[in-house]
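Summary of structural features
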Amino acid sequence: MKRILTIQDISCFGKCSTTVALPVISAMGVETVILPTAVLSTHTMFKGFTVRDLTEDLLPICEHWKKEGFHFDAIYTGYLGSAEEIEIAKKIFDEFGGDDTLIFIDPVMADNGKLYPAFDEAYAKLNAGLCGKADIIVPNITEACFMTDTEYKEEYDEEYVKTLLGKLAALGAKTVVLTGVSLSAGNTGVYGYDTVNDKYFIYQNEHIDAAFHGTGDIFASVCVGALTRGLSLDDAFKLAADYTKDTIRVTLDNPEKPWYGVDFEATIPELVNSLSDALK
Ligand code: PXL
């Protein structure tokens, strides 16, 4: 069985980061090892959350793993709480990375033109440095703008997207993928650039006009799970985009409308079926 290490926080309540990655990647038939960067009572979109920072535990945990000789087929980082944790993530890539370990980074820090409460522009630049070490990065347009000093636009054309992809590629990652890219009214999806094969790829599906927290984490978890199972970039991004969209649709049908996270638990069987079809 393949094995992914995911490095991100545990938000005890709120369905995001580790509490999404662990069940989703496990359901995709991949062993999921977690390295929690912090424990929060909820994610940071709630008011008054508590945080227990785990920065000083990260390297000792990894040293133990190194002694045990553990190997990871992929390392997936999401929300990292601080500049120091970005530096530690780099060390972990150096220790456990290699030709047979996919480094997948979702530089979680911003959305809708704004940084999340815990972050500033200096943090965004450090994240850009981390992204340079990746095989694949999956920022949204806001994150890409903060990392590349580009003006954020709500309305844009394909030229703007390609320019952003070029600037992201210049950071050093092998494949750069922008998420939440809408190229026509009513549609949204991904637009990627594979620098190794000098190839663009696009996948668009229906845009559902609703904002739920944690959808980026769902999307990234499915991508890294699918790539680790051996799907192509095109197939992995299609699976992730479709699953995320279907999960938002199902969540909208929930009369409780849980804004803090989507009902991915209800759509996991569909994910498992779609993955096994894609693997045929
Ligand atoms: O979903 C991304 C995320 C992960 N972890 C924490 C967050 C957020 C987004 O706000 O606050 C703690």
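Data block above holds the structure.
In what follows, the accompanying structure is described.

Each value, and the rule that gives it
Every chain begins its residue count from 1, and numbering advances along the sequence as written. Residues qualify for local features only when their pLDDT is at least 70, as the model is predicted, and side-chain atom pairs are given and counted only at 80 or more; totals for whole chains, interfaces and linings, by contrast, use all residues. Computation of side-chain values covers all heavy atoms of the structure but excludes hydrogens and water. A carboxyl oxygen of Asp or Glu within 4 Å of a side-chain nitrogen of Lys or Arg is what we treat as a salt bridge. Numbered from the N terminus, helices here are DSSP runs of H or I no shorter than four residues, and strands are runs of E no shorter than two. Relative accessibility decides the category of a residue: with a 1.4 Å probe and only protein chains considered, values under 20% of the type maximum give buried, values over 50% give exposed, and everything between is partly exposed. Helices are assigned an expected span. That span is 1.5 Å times one less than the residue count. Only protein atoms enter the 1 Å grid, on which a cavity is a set of points fitting a 1.4 Å probe that cannot get out and a pocket is an open set with protein on both sides within 12 Å along at least 5 of 7 lines, lining residues being those with an atom within 4 Å of a point. Grid points are joined across faces, edges and corners, and a volume is the space filled by probe spheres set on the points. Nonpolar residues are Ala, Val, Leu, Ile, Met, Phe, Trp, Tyr, Cys and Pro. Charged residues are Asp, Glu, Lys and Arg, and all others, Gly as well, are polar. Buried residues of nine kinds, namely Ala, Val, Leu, Ile, Met, Phe, Trp, Tyr and Cys, make up a nonpolar core once their side-chain atoms join them within 4.5 Å. When two cysteine sulfur atoms lie within 2.5 Å, the pair is treated as a disulfide.

Side note on the pattern of salt bridges
Within the structure shown, the criterion is met by 12 salt bridges. Linking Arg3 and Glu31 is a salt bridge whose minimum nitrogen-to-oxygen distance equals 3.2 Å. Of this pair, Arg3 sits in strand 1 (residues 3-13) while Glu31 sits in strand 2 (residues 31-42), and the two are 28 residues apart along the sequence. By relative accessible area, Arg3 is classed as partly exposed at 24%. Glu31 sits in the partly exposed class, given a relative accessible area of 33%. Notably, a salt bridge pairs Glu95 with Lys66, separated by 3.7 Å at the nearest N-O pair. Placement of Glu95 in helix 3 (residues 83-96) and of Lys66 in helix 2 (residues 55-68) is noted, with a sequence separation of 29 residues between them. Here the salt bridges do not stand alone but share partners, grouping Lys15, Asp263 and Glu265 into one network.

What to know about helix 7 (residues 215-228)
For helix 7, built from 14 residues, the straight-helix expectation of 20 Å at 1.5 Å per residue is met to within 8% by its first-to-last C-alpha distance of 20 Å. With respect to burial, helix 7 is a largely interior element, 13 of its 14 residues being buried. In the segment just after helix 7, Gly230 is the residue with positive phi, at about 105 degrees.

Structural notes on the layout of surface pockets
When its volume is computed, the second largest pocket comes out at roughly 220 Å³. As for the second largest pocket, its lining consists of 16 residues, and the residues nearest its centre are Leu102, Asp135, Ile136, Leu227 and Leu233. When its residues are assigned to classes, the lining of the second largest pocket shows seven nonpolar, four polar and five charged.

Things to note about the nonpolar core
The biggest cluster of nonpolar side chains holds 48 residues, and the ones touching the most others in it are Leu5 and Leu178. Counting residues in hydrophobic clusters, the runner-up holds 39 residues, among them Val24, Tyr76, Val138 and Tyr243.

What about the state of the cysteines?
Under the definition given, this model contains zero disulfides. Cys223 takes part in no disulfide bond, and the closest cysteine sulfur to it belongs to Cys131, at a distance of 14 Å.

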